Amino acid sequence: MHDFDQPAPILLDSLPPEQLEAARDPLPRLRRIEGRWLWPDACFDAQMALKERLLAERPELVLGALPGREAAIDEALAVVGAETGLAPEGTPLQRLVRITQADICLLEEVEGEHVLVAAALAFPSGWTLAEKLGRTMARIHVPVPPYDQGVNLRVERMFTNLRAGQIVWRANLNPHRDFRLHRPESEAMSRKARHPGGAQPYLRSERQTLMRLPQTGAILFSIHTAMVRNEAFPGA
């Protein structure tokens, strides 16, 4: 779906030890962050160049917002800009793409459930922004079998209890046969199409942070994606 050419892998030689430890944790848990929470890695220039191509060629897949979310987007821009020190040009959502290596999603509570209300999403893996925008967390995670009602209740409770100024993070680590960072897929795709089998020479790790914006109360969810060679991490 939405084939986009990335001619060569954009790979890190290794992952930060604390990210690898968090990704391998058998009981995934959120960890507190004190101090800096967004930073570039060795793939910054290559990933940012790919983001610019996506903005030019596939803006409808990268940018999305529900009406009336300008205040949350502007506050996210201010908070992320203060962290990265960057001040790019463009529309507010375009600037969110250009202001950090990470993807940025914004969620707000609507009728007791958190809903995805805006995103600057260059590097999705297995989902498409247009299908998830305006959806609750439970609906966003269709079709993800482990995300059941119990998991959703814990996630909603965590979002509700997240205090302004508090920043938490987690990481994952998943084998992939495809090195492309931009991999949107539709919910309508079959399981076989999603998981075609074969060798999986790459590992994809997302370092995800969560914080509540102090003025609008929106949840800012950042996703910093890294790709490494599977052979560098035996047993991952």
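Quick caveat: nothing in here was measured; it's all calculated off a predicted structure. (Residues numbered from 1 in each chain as written. Predicted model: local features only at pLDDT ≥ 70, side-chain atom pairs only at ≥ 80, totals over all residues. Heavy atoms only, no water.)

> Looking at this model, I keep getting lost on the overall build of the protein. Mind explaining?
Each helix and strand in the protein was counted, giving nine helices and eight strands. For 236 residues, the compact-globule estimate of 2.2 N^0.38 gives 18 Å, and the protein sits close to it at 17 Å. Taken along its principal axes, the extent of the C-alpha atoms in the protein is 45 × 40 × 35 Å. Taking all 236 residues of the protein together, the buried fraction comes to 47%. Nonlocal contacts in the protein, meaning residues at least 24 apart in sequence, comprise 72% of its contacts between residues at least 6 apart. Distance from the positive charge centre (28 side chains) to the negative charge centre (30 side chains) of the protein: 5 Å. (Helix = DSSP H or I, 4+ residues; strand = E, 2+ residues; numbered from the N terminus. Rg over C-alpha atoms; globule rule 2.2 N^0.38 Å. Buried < 20%, exposed > 50% of the residue type's maximum accessible area, 1.4 Å probe, protein only. Contact = heavy atoms within 4.5 Å. Lys, Arg positive; Asp, Glu negative; His and termini not counted. Charge placed at Lys NZ, Arg CZ, Asp CG, Glu CD.)

> Explanation requested: the nonpolar core in the structure shown.
Where a protein is soluble and globular, its nonpolar side chains tend to be buried together. Residues Leu15, Trp37, Leu96, Leu106 and Leu220 are the most contacted members of the largest nonpolar core, which totals 48 residues. Of all the elements, helix H4 (residues 70-84) adds the most residues to this core, at five residues. Residues in contact with Trp37, not counting those within four places in the same chain, are Val79, Val80, Glu83, Ile167, Arg207, Thr209, Met211, Leu220 and Ser222. In this structure, Leu107, Met137, Leu162 and Leu210 belong to the second largest nonpolar core, which totals 16 residues. (Core = buried A, V, L, I, M, F, W, Y, C linked by side-chain atoms within 4.5 Å.)

> For this particular structure, what's the right way to read the pattern of salt bridges?
Pairs can form between side chains of opposite charge whenever their charged atoms are close. What the rule picks out here adds up to 13 salt bridges. The residue Arg32 makes a salt bridge to Glu34 at a minimum N-O spacing of 3.6 Å. Residue classification places Arg32 among the partly exposed positions, given a relative accessible area of 47%. Of the charged contacts in the structure, one is a salt bridge between Glu108 and Arg69, with a shortest N-O distance of 3.1 Å. (Salt bridge = Lys/Arg side-chain N within 4 Å of Asp/Glu carboxyl O.)

> When you look at the side chain of Asp25 in this model, what are you seeing that I'm missing?
Within the fold, Asp25 resides in the loop between helix H1 (17-24) and strand E1 (31-32). Here Arg31 takes part through its side chain, which lies 3.1 Å from a polar atom of the side chain of Asp25. (Polar contact = N/O pair within 3.5 Å; in protein donor to acceptor, adjacent residues only side chain to side chain.)

> What exactly am I supposed to notice about the pairing of strand E7 (residues 202-212) here?
Moving residue by residue along a regular strand, the side chains alternate between the two faces of the sheet. Burial analysis of E7 places 11 of its 11 residues in the buried class, the great majority of the element. Neither face of E7 is exposed, since Tyr202, Arg204, Glu206, Gln208, Leu210 and Arg212 on one face and Leu203, Ser205, Arg207, Thr209 and Met211 on the opposite face are all buried. Pairing of strand E5 (residues 167-171) with E7 involves five bridges; the strand directions are antiparallel. Directly across from Ala171, in E7, lies its bridge partner Arg207. Here three bridges tie strand E6 (residues 174-176) to E7, and the two strands are oriented antiparallel to one another. By the bridge assignment, Pro175 is partnered in E7 with Leu203. Strand direction decides the pairing type here: E7 and strand E8 (residues 219-229), joined by 11 bridges, are antiparallel. Residue pairing for E8: Arg207 is matched across the bridge by His224. (Pairing = 2+ DSSP bridges.)

> Can you help me understand the packing of aromatic side chains in this one?
Centre distance and the angle of the planes are the two values used to describe a pair of aromatic rings. Applying the stated rule across the entire model yields one aromatic pair. Between Phe179 and Tyr202 the ring centres are 5.9 Å apart and the planes differ by 80 degrees, which places this aromatic pair in the edge-to-face class. In this pair, Phe179 sits in the loop between E6 and helix H9 (191-194) while Tyr202 sits in strand E7, placing the two residues 23 residues apart along the sequence. For Tyr202, a relative accessible area of 11% corresponds to the buried category. When the ring centre of Trp169 is taken as reference, the NZ or CZ atom of Arg207 above it lies at 5.0 Å. (Phe/Tyr/Trp six-rings, centres within 6.5 Å; stacked < 30°, edge-to-face > 60°. Lys NZ or Arg CZ within 6 Å of the ring centre and 35° of its normal.)

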